Amino acid sequence: MLRERAGAWAVLGPLLWGCGLALLQGGMLYPRESRSRERKELDGLWSFRADFSDNRRQGFEQQWYRAPLREVRALSGPTLDMPVPSSFNDVGQDGRLRSFVGWVWYEREATLPQRWTQDLGTRVVLRIGSAHYYAIVWVNGVHVAEHEGGHLPFEADISKLVQSGPLSSCRITIAINNTLSPYTLPPGTILYQTDTSKYPKGYFVQNTNFDFFNYAGLHRSVLLYTTPISYIDDITITTDVDQDIGLVNYQIFIQGSELFQLEVFLLDADGRTVAQGTGGQGQLQVPRAHLWWPYLMHEHPAYLYSLEVRLTAQTADGPVSDFYTLPVGIRTVAVTESRFLINGKPFYFHGVNKHEDADIRGKGFDWPLLVKDFNLLRWLGANAFRTSHYPYAEELMQLCDRYGIVVIDESPGAGIALAQSLSNVSLQHHLEVMEEMVRRDKNHPAVVMWSVANEPASSLKPAGYYFKTLIAHTKALDPSRPVTFVTKSSYEADLGVPYVDVICVNSYYSWYHDYGHMEVIQLQLATQFENWYRTYQKPIIQSEYGAETIAGFHQDPPLMFSEEYQKGLLEQYHLVLDQKRKEYVVGELIWNFADFMTDQSPQRAIGNRKGIFTRQRQPKSAAFLLRERYWKLANETWHHQSAVKPQCVENSPFIF
């Protein structure tokens, strides 16, 4: 039975992929430089103004996009320097800005290379990596784009605007609104306080049902890039293995010409061509293929080939060439009744949940922080993480491909607590978000499963139809990967879990109830696993567990919030996980990798302290416990699958 289910995944995935492609219109390839493409990053200081007017609409009423922000007189406040990428909340000293809800305005003057503006055969594209939450974009006062959703990229072709003149520069204005409603992802509500004896007139607050701070702003790079007017718009890769032959299925979409030729070359890590093809769709066969293996599962993990696509298109002005190179990892993913398989071998997730979160920069992308986090993950012996609770930066996904860190890629569906948020309006937006997410991340070998939501109210009556539709749509978009969502509902009441491929369960025994009584953890956790598996016969991941700990607090016997309590609670979980992973539990992800910011409340001492590292990335006692455990699990994997053991961390070739 197990082999039959795994075989079905391997065979059906590539065959069904073409059906999924029909649902995805337009590409979202990561902007890479090549012989035919250039890019210009607009990171740095932008002009910034928050609209503090009562109705938050002064910027539109005065049309701030029509002239430079510094020249516009506004009662709403001064124009500030704002770093991009970053969240705007923690950069300044104005307390109003930290908790601001409404429209903020960004502006930047961009100098344009002469060849971009004078060569009409060049296409100039503006790309925003992430603008949280709703964004409207103008170039030189002309509206060019709008986008809903704060964690995925969007683009606008601005060629005609910058090539009329031509211009030596252009003014980019971006208005962003971070307001969350029951129909956004993540959802939220606005509470208006009408008691004027307690609150000023018009007073309101933003409420959410998720436990992380709603940072806002331009969180990832804004950039300009070029392509020829006939160009490679999208590439889709799926892979399979037939004995020792790697199979790379490709599909390529072209824009700007119907008369073209395509050449495709697959290069190994040394730059040697190992397979080649022609046309917009085909299969490359790689004898004695190097497979993409997760970190610590193979002596040579994360092997990447390069797919080089060469386009020659015929236009009215003559032939045009475009070149794009895409990293490719050859691997398979399959799910059985009790196992998660990568390349046909049982894979056990031992890793973390994360957040894009750090001091001052908030959710702003930061290369030093990203590299530090990956060094800590590899020091820890973690082989996986979940992008809790939204898609992370593309550069992070690329590092996962390079280092073999497996990813459960999660949508921003966190805090779906109200029946309104399970309505058809919400569902339509959620379907669109999954399309954007699959379009962006479909070619990453590190991504092995999609998660459509975290801890939704999946016991509410509308949840059955909502998640049945959402999961079916995601599988139609990408039949090559399993789909899940993360639940905290009971096994008896959950209406969405029947449709997932892997059951992901969050539980906090002896933390949110039975406070301090770690002696009940083993019984309650074992009962949890047994109930879920008896009901559904699907593999299970303990997708969250943990305890809040303030670094430096010590108490023996252990008390809550001490480092000893966090460590002791994890040990109780591990005793049960060690039993159940022999049967049907296929993973454990600690909550959380590092402390992170939340809304203020009496339950939060400047953020959530469940990290095994502090927000500044310093280890608590539990980090050393998990390090010992994860390397032990890695050694067990190697014992079963290889004669070579991973080296101890300090001497490991996988560590910087």
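Residues numbered from 1 in each chain as written. Predicted model: local features only at pLDDT ≥ 70, side-chain atom pairs only at ≥ 80, totals over all residues. Heavy atoms only, no water.

Notes on the overall build of the chain
What the chain contains, in helices and strands, is 12 helices and 32 strands. On C-alpha atoms alone, the chain measures out to a radius of gyration of 25 Å, which is about the 26 Å that the 2.2 N^0.38 rule sets for 656 residues. In terms of overall dimensions, the chain has a C-alpha envelope of 75 × 75 × 50 Å along the principal axes. Within the span of the chain, comprising 656 residues, buried residues form 59% of the whole. The long-range fraction of contacts in the chain, counting pairs at least 24 apart against all pairs at least 6 apart in sequence, stands at 73%. A total accessible area of about 26500 Å² is found for the chain, and carbon and sulfur atoms account for 51% of it. Distance between charge centres in the chain, computed from 61 positive and 71 negative side chains, equals 1 Å. (Helix = DSSP H or I, 4+ residues; strand = E, 2+ residues; numbered from the N terminus. Rg over C-alpha atoms; globule rule 2.2 N^0.38 Å. Buried < 20%, exposed > 50% of the residue type's maximum accessible area, 1.4 Å probe, protein only. Contact = heavy atoms within 4.5 Å. Areas by Shrake-Rupley, 256 points an atom, 1.4 Å probe, with all protein chains shown as cover. Lys, Arg positive; Asp, Glu negative; His and termini not counted. Charge placed at Lys NZ, Arg CZ, Asp CG, Glu CD.)

Things to note about the sheet that holds strand S1 (residues 39–41)
Ordered in space as S1-S14-S5-S9, the 4 strands form an open sheet in which the pairing is antiparallel. Since the sheet does not close on itself, it has two edges, and those belong to S1 and strand S9 (154–157), each with one partner. The mean inter-strand angle of the sheet, taken between neighbouring strand axes irrespective of direction, is 20°. The sheet contact formed by strand S5 (residues 122–128) and S9 spans 4 bridges and is antiparallel. Directly across from Leu 126, in S9, lies its bridge partner Ala 156. (Pairing = 2+ DSSP bridges. Axes fitted to C-alpha atoms, helices over the stretch in contact; angles between N-to-C directions.)

Points about the nonpolar core
Ranked by internal contacts, the top residues of the largest apolar core, which has 141 residues, are Ile 235, Phe 340, Phe 349 and Phe 467. Beyond its immediate sequence surroundings of up to four residues, Phe 349 is in contact with Phe 340, Asn 383, Ala 384, Val 406, Ile 408, Val 448, Ile 541, Val 586, Gly 587, Glu 588 and Leu 589. (Core = buried A, V, L, I, M, F, W, Y, C linked by side-chain atoms within 4.5 Å.)

So, the pattern of salt bridges
Inspection of the entire model under this criterion finds 35 salt bridges. Of the charged contacts in the structure, one is a salt bridge between Asp 441 and Arg 440, with a shortest N-O distance of 2.7 Å. A residue is classified by how much of its surface remains accessible, and Arg 440, at 7% relative accessible area, is buried. With a shortest N-O distance of 3.0 Å, Arg 581 and Glu 636 are connected by a salt bridge. Of this pair, Arg 581 sits in the loop between helix H11 (563–580) and strand S32 (585–590) while Glu 636 sits in helix H12 (residues 621–641); the two residues are 55 residues apart in sequence, bridging distant segments of the chain. Here the salt bridges do not stand alone but share partners, grouping Asp 578, Arg 581, Glu 588, Arg 629 and Glu 636 into one network. (Salt bridge = Lys/Arg side-chain N within 4 Å of Asp/Glu carboxyl O.)

As for the environment of Leu 431
Looking at where Leu 431 falls in the secondary structure, it is placed in helix H8 (residues 424–441). Its relative accessible area of 13% is what places Leu 431 among the buried residues. For the pair Leu 431 and Thr 474, spaced 43 residues apart in sequence, the C-alpha to C-alpha distance is 7.8 Å. Not counting chain neighbours up to four residues away, the residues in contact with Leu 431 comprise Thr 469, Leu 470 and His 473.

Some words on unusual backbone geometry
Geometrically, the link from Val 84 to Pro 85 is a cis peptide bond, its omega value of 5° lying close to zero. Inspection of the secondary structure puts Pro 85 in the loop between strand S3 (80–84) and helix H3 (95–98). Note the cis peptide between Asp 556 and Pro 557, where omega equals 5°. Tracing the chain through its elements places Pro 557 in the loop between strand S31 (540–544) and H11. If you check the backbone angles, Ser 510 has positive phi at about 65° while not being a glycine. For Ser 510, the location among the structural elements is in the loop between strand S30 (503–506) and helix H10 (521–536).

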